[in-house]
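Notes for the structure review
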Amino acid sequence: MENSKNYKYLLNDISVLKRVGKKTKDLLKKKKIKNLFDVLWNLPHSYTDRTLEKKVNELEIGKICTVNLRVIKYNFPRIRNLPNKVVCEDDTGKLDIIFFNSREGYIRKILPLNQNVLISGKINYFKNRYQITNPTYLSLESQENNIKKILPNYSLTEGLSEKVYRNIIDQILQNLPKIDEWHLEETIKKNKFDKWNESIIKLHDPKNLDKTNANFYKRLVFDEILSNFILLSEIRKKIKKIKKKPKVFSNIKSIDIINSLKFELTKNQNKIIKEIDFDLKSKNKMFRLLQGDVGSGKTIIALICALNVIDSNYQVSVMAPTEILATQHYKLAKNLFRKLNIKIELLTGKIDRKKRKEILTNLKDQKIDILFGTHAIFQKNVLFKKLGLIIIDEQHKFGVKQRMSLSQKGGADCDILLMSATPIPRTLMMSVYGDMDISRLTEKPSNRKNVLTYSKPESKIEEIIRFIKKEIKLDNQVFWICPLINESKKIDHESAIKKHEFLEKVFPKKVGLIHGGLSKEDKENVLKLFLEKKFLILVSTTVIEVGIDIPNANIIIIENSNKFGLSQLHQLRGRVGRSNKQGVCILMYKKNLSQNARKRINILKSTNDGFVIADDDMKLRGYGDILGFKQSGIKDFKLADPVLHSKLFLLAEKEINKIEQLDINFNRYMPLLKLYDLADIINEIN
Ligand code: ADP
Ligand code: MG
């Protein structure tokens, strides 16, 4: 194979390599390896160090050792669940190799009778004999394995031998193309990054297995993060290029409304309203995310901006994830704008056909100014005459691609405002939302006190009941959250139905029940009764997690709290403490908390700041589980880890700002994007 000079060499199918036929190709496909570049990211999980090679009579029990052994006998029991055994020896003694879950044919192939193999693994001693269970192994037929002292071990699919695979990776590493540096010289120097090829070679050198902080590793991590940011930056630029008719409005009406509020807007809220106004009045389409913790007061911002859009003679649509929430927003708008001549409608699944038709006709005639509904409702055949703003509440389930198609919704003149109450760690901000402009609402309304958070074991239920009796006398209301709807034989968690029965006996006629098994109407009915204080306690599953605003409820009890994730607990807790009453959250648990659960509970007790909680959550769970990240459309990072490499994420953020400001030609990064498989998305948007 010619030593290719160009990065494109790495985009070749693996079948261009010597000795790679269809069989090997199909096997590698199972490991998601298609081209040469993919191979580079299948890293060794361990290595066999032949300098540590021992004879059987020198082995130490409990240690990981490497032995050169001859295979002398197989033992394949025909009884299920008994492991397969291979007896091996060297000139000092015998050793058994034990395989669980490996088939006979496979074992015969990797450990051929009467041949020598290099075996590594943890040494056990059983029935007077040394043994190794599920070892790593290397055939000693190949010359090379006999010469190299340190040999990497890869995780491979069955049927693919170590020998074949090592040949593949060696062919690629020996032919690595010289790549024109895509990073700025300054960046390379300042961070002491190695060159790309050097980095790759070092990455595959078994000695460097754990060096996730070395310069070569950091360079590759930086490549990965930056390619991602460049993609998002290109998308943002592209959306910004869309020209629209600027909206023209006076703010007189919105100032009136703001003055009529029972509270004063915070500085932060005012600043964001100005930011959005600026976007609305600009010649470029707005694509903005309003991110703010639960209860930080996003809705009022959205409605004030909606009013300005209506004032400039455009229509507005507001989408919420649930009907309950859409209805709540609708009612709030009705009330807020009651003195103005604004036509407000609600489109939900339960509206009858006649009314629906009327709404659709009126939308087309611009006889409706603002329409509320769920995300689903707006998908088809809802046509506006002059849509000027789409507001999407509680959006965190969209990925980059969905947002891209969203950005085109409503036509060129339509601005878009997304709102999310899911704080994500600072390090991930750009990776998840880099394609949008972001307004962060970090200040809470001043009347808001922190929710006091306690933890109590289940055995203290009597104490909690006494506390609730007292609170109810003070006209306060209570959410009581259970993880299950119904009792389960398998999981020992509290069920909403059972808890409702129990509480109903203590507080007759005062307890409502709501869960995902109820019809939409029933759910809304129960919430209505709770809002009207017909019920004082509402037993619920996590259906109330998203967005519901019942200011008078100031107490939340969460059963089996150790079973919920940090962010989810924070969301649930956000249902209370929404008025000037002191909010209280009681986290209940069965005894024997795991260490991790104890940490989560302590974090919640110590802070009410969703951004801090998101950071801690990521540190506890790793980034893979963080809400919104999985759905963000960003492929899993190969090396980058937001917990380990948080500094590099922030560095890449600075870099992308610099690239944008200096307007650096994007072509220099093309190889980077091509290799990381991001160029397609960019082509799609161009
Ligand atoms: P979220 O940001 O979670 O959507 P909401 O918009 O539902 O929060 O607001 C929560 C509550 O706070 C609402 O009852 C709202 O009327 C109230 N609120 C909003 N802004 C302020 C403010 N500046 N001062 C006092 N209360 C406010
Ligand atoms: Mg909200």
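Read on for a plain summary of the structure. (Residues numbered from 1 in each chain as written. Chains lettered and ligands numbered in written order. Predicted model: local features only at pLDDT ≥ 70, side-chain atom pairs only at ≥ 80, totals over all residues. Heavy atoms only, no water.)

**Some points on the overall build of the protein**
From N to C terminus, the protein includes 24 helices and 22 strands. Expressed as lengths along the three principal axes of its C-alpha atoms, the size of the protein is roughly 95 × 65 × 50 Å. By the burial criterion, 53% of the 686 residues in the protein qualify as buried. About 33400 Å² of surface is accessible on the protein, with carbon and sulfur atoms providing 50% of the total. Charged side chains of the protein number 125 positive and 80 negative; the gap between the two group centres comes to 2 Å. (Helix = DSSP H or I, 4+ residues; strand = E, 2+ residues; numbered from the N terminus. Buried < 20%, exposed > 50% of the residue type's maximum accessible area, 1.4 Å probe, protein only. Areas by Shrake-Rupley, 256 points an atom, 1.4 Å probe, with all protein chains shown as cover. Lys, Arg positive; Asp, Glu negative; His and termini not counted. Charge placed at Lys NZ, Arg CZ, Asp CG, Glu CD.)

**Details of the sheet that holds strand β13 (residues 370-374)**
Sheets are built from strands that pair by backbone hydrogen bonding, the pairs being arranged parallel or antiparallel. Strand order in the open sheet formed by seven strands is β12-β13-β11-β14-β15-β10-β16, with parallel pairing between adjacent strands. Whereas interior strands pair on both sides, the edge strands pair on one side only; in this sheet they are β12 (344-347) and β16 (437-441). In this sheet, neighbouring strand axes are inclined to one another by 20 degrees on average, regardless of whether the strands run parallel or antiparallel. The sheet contact formed by strand β10 (residues 287-292) and β16 spans five bridges and is parallel. Note that in β16 the partner of Gly 292 across the bridge is Leu 441. Packing against the sheet, helix α13 (residues 353-364) makes contact with β11 (315-320), β12 and β13, and its axis sits at approximately 130 degrees to β12. (Pairing = 2+ DSSP bridges. Axes fitted to C-alpha atoms, helices over the stretch in contact; angles between N-to-C directions. Contact = heavy atoms within 4.5 Å.)

**What to know about the sheet that holds strand β19 (residues 511-514)**
The sheet built from six strands is open, its strands ordered β17-β22-β21-β18-β20-β19 with parallel pairing. Two strands lie at the open edges of the sheet, namely β17 (452-457) and β19, each paired on one side alone. Going across the sheet, the axis of each strand differs from the next one's by a mean of 20 degrees, ignoring polarity. Pairing of strand β21 (residues 553-558) with strand β22 (residues 584-589) involves four bridges; the strand directions are parallel. Bridging across to β22, Ile 558 finds its partner in Leu 587. Contacts from helix α18 (residues 520-531) reach β18 (477-481), β19, β20 (537-540) and β21, with the element oriented near 150 degrees to β19. Against the sheet, helix α20 (residues 595-606) touches β17 and β22, its axis set at about 150 degrees to β17.

**Considering the pairing of strand β5 (residues 93-99)**
Along any regular strand, the residues point their side chains to alternate faces of the sheet. The buried fraction of β5 is high, at six of seven residues. Taking the residues between adjacent antiparallel strands as the criterion, strand β4 (residues 84-90) and β5 are bridged by two residues. The sheet contact formed by β5 and strand β7 (residues 129-133) spans four bridges and is parallel. Residue pairing in the sheet places Asp 96 in a bridge with Gln 131 of β7.

**Examining the packing of helix α10 (residues 267-281) against helix α11 (residues 298-311)**
Think of two packed helices as two axes; the pair is described by the angle between the axes and how far apart they sit. Two elements in contact, α10 and α11, have axes separated by 10 Å at closest approach and are oriented at 30 degrees. Our pair here, α10 against α11, has a crossing hand that is right-handed. Counted together, Gln 269, Ile 272, Ile 273, Ile 276, Asp 277 and Leu 280 of α10 and Ile 300, Ile 301, Ile 304, Cys 305, Asn 308 and Val 309 of α11 form the full contact between these two elements. In terms of residue class, the contact of α10 with α11 is built from nine nonpolar, two polar and one charged. (Left-handed = near helix turned anticlockwise from the far one by under 90°. Nonpolar A, V, L, I, M, F, W, Y, C, P; charged D, E, K, R; others polar.)

**Structural notes on the site of ligand 1**
Surveying the vicinity of ligand 1 reveals 17 residues, the closest of which are Glu 264, Gln 269, Gly 295, Lys 298 and Thr 299. Here Lys 298 contributes a side-chain N or O atom positioned 2.8 Å from an oxygen atom of ligand 1. Contacts to ligand 1 include Arg 578, whose side-chain N or O atom sits 3.2 Å from an oxygen atom. In isolation ligand 1 has 570 Å² of accessible area, and contact with the protein removes 88% of it. Tallied by class, residues from the shell around ligand 1 come to four nonpolar, seven polar and six charged. (Near = heavy atom within 4 Å. Polar contact = N/O pair within 3.5 Å; in protein donor to acceptor, adjacent residues only side chain to side chain.)

**Examining the nonpolar core**
Grouped together as the largest cluster of nonpolar side chains are 88 residues, with contacts concentrated most on Leu 10, Leu 40, Trp 41, Ile 172, Trp 196 and Tyr 669. A total of 12 residues in this core trace back to one element, the largest contributor, which is helix α8 (residues 215-241). With residues near it in sequence (within four places) discarded, Leu 40 still touches Leu 10, Ile 172, Leu 173, Leu 176, Trp 196, Ile 200, Leu 203 and His 204. Membership of the second largest hydrophobic core comes to 70 residues, among which are Leu 325, Ile 342, Val 451 and Leu 604. (Core = buried A, V, L, I, M, F, W, Y, C linked by side-chain atoms within 4.5 Å.)

**Remarks on the packing of helix α16 (residues 461-473) against helix α17 (residues 496-506)**
For the pair α16 and α17, interaxial distance at closest approach is 12 Å and the crossing angle is 55 degrees. On the basis of the axis angle, α16 is oblique to α17. Here α16 runs over α17; the crossing is right-handed. Facing α16, whose interface residues are Ile 461, Ile 465 and Lys 469, α17 presents Lys 499, Phe 502, Leu 503 and Val 506. (Parallel < 35°, antiparallel > 145°, perpendicular 65-115°, else oblique.)

**Section: the side chain of Thr 327**
With respect to the secondary-structure elements, Thr 327 resides in helix α12 (residues 323-336). Overall, the relative accessible area of 11% leaves Thr 327 in the buried class. When near neighbours in sequence (up to four residues on either side) are disregarded, Thr 327 contacts Leu 346 and Glu 524.

**Description of the pattern of salt bridges**
Using the criterion set out here, one finds 35 salt bridges in the structure. Of the charged contacts in the structure, one is a salt bridge between Arg 288 and Glu 275, with a shortest N-O distance of 3.6 Å. Of this pair, Arg 288 sits in strand β10 while Glu 275 is found in helix α10, placing the two residues 13 residues apart along the sequence. We classify Glu 275 as partly exposed; its relative accessible area is 23%. A single network of salt bridges, built from pairs that share partners, joins Glu 458, Glu 494, Lys 499, Glu 559 and Lys 590. (Salt bridge = Lys/Arg side-chain N within 4 Å of Asp/Glu carboxyl O.)

**As for unusual backbone geometry**
At Asp 663, a residue that is not glycine, the phi angle is positive and equals roughly 50 degrees. Among the secondary structure elements, Asp 663 is positioned in the loop between α22 (646-661) and α23 (670-675). A positive phi angle, close to 65 degrees, is found at Asp 677, a residue other than glycine. Inspection of the secondary structure puts Asp 677 in the loop between α23 and α24 (679-685).

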